[in-house]
Amino acid sequence: MDDITWEEPFCGEGASSFRLGTDAAGNAYVAIAGAEDAALTDSREALRRMILDIKAGKADHLL
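Residues numbered from 1 in each chain as written. Predicted model: local features only at pLDDT ≥ 70, side-chain atom pairs only at ≥ 80, totals over all residues. Heavy atoms only, no water.

Within the chain, the secondary structure is distributed over one helix and five strands. For the chain, the spread of C-alpha atoms along the principal axes amounts to about 35 × 30 × 15 Å. For the chain, long-range pairs separated by at least 24 residues make up 13% of all intrachain contacts whose partners lie at least 6 apart in sequence. Carbon and sulfur atoms provide 55% of the accessible area of the chain, an area that totals close to 4,800 Å². Charged side chains in the chain number 6 positive and 12 negative. The centres of these two groups are separated by 10 Å. (Helix = DSSP H or I, 4+ residues; strand = E, 2+ residues; numbered from the N terminus. Contact = heavy atoms within 4.5 Å. Areas by Shrake-Rupley, 256 points an atom, 1.4 Å probe, with all protein chains shown as cover. Lys, Arg positive; Asp, Glu negative; His and termini not counted. Charge placed at Lys NZ, Arg CZ, Asp CG, Glu CD.)

Now for the pairing of strand β3 (residues 17–22). Summarising the sheet, strand β1 (residues 5–6) and β3 pair through two bridges and their orientation is antiparallel. The partner of T5 across the bridge, within β3, is T22. As defined by bridge partners, strand β2 (residues 10–11) adjoins β3 across two bridges and the pair is classed as antiparallel. Bridging across to β3, C11 finds its partner in S17. Alignment of β3 against strand β4 (residues 27–32), held across five bridges, turns out to be antiparallel. (Pairing = 2+ DSSP bridges.)

What follows covers the pattern of salt bridges. A side chain of one charge can pair with a side chain of the opposite charge if their charged atoms are brought near each other. Going through the model one piece at a time under the given rule, you end up with four salt bridges. D53 is the salt-bridge partner of R49, the closest N and O atoms lying 3.1 Å from each other. Here D53 and R49 lie together in helix α1 (residues 44–55), a separation of four residues that amounts to about one turn. Overall, R49 belongs to the partly exposed group, its relative accessible area being 41%. As a salt-bridge pair, D53 and K58 come within 3.5 Å of each other at their nearest N and O atoms. (Salt bridge = Lys/Arg side-chain N within 4 Å of Asp/Glu carboxyl O. Buried < 20%, exposed > 50% of the residue type's maximum accessible area, 1.4 Å probe, protein only.)

Purely geometric stuff here, so don't read any function into it on its own.
Okay, here's the thing in structure tokens:
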């Protein structure tokens, strides 16, 4: 996983920090900061859809 470009961590108060990353092959990664070697992997399109759905409120029931 050396060719992944990781974004800065998204952190909440007293919570784990999550990181998003992408690679040149079109893959997307979601990991807990410090555990990037155990990232979940899917396509950039899947990451895009997840972000748009979260922004649209489809995950609000988890808050």
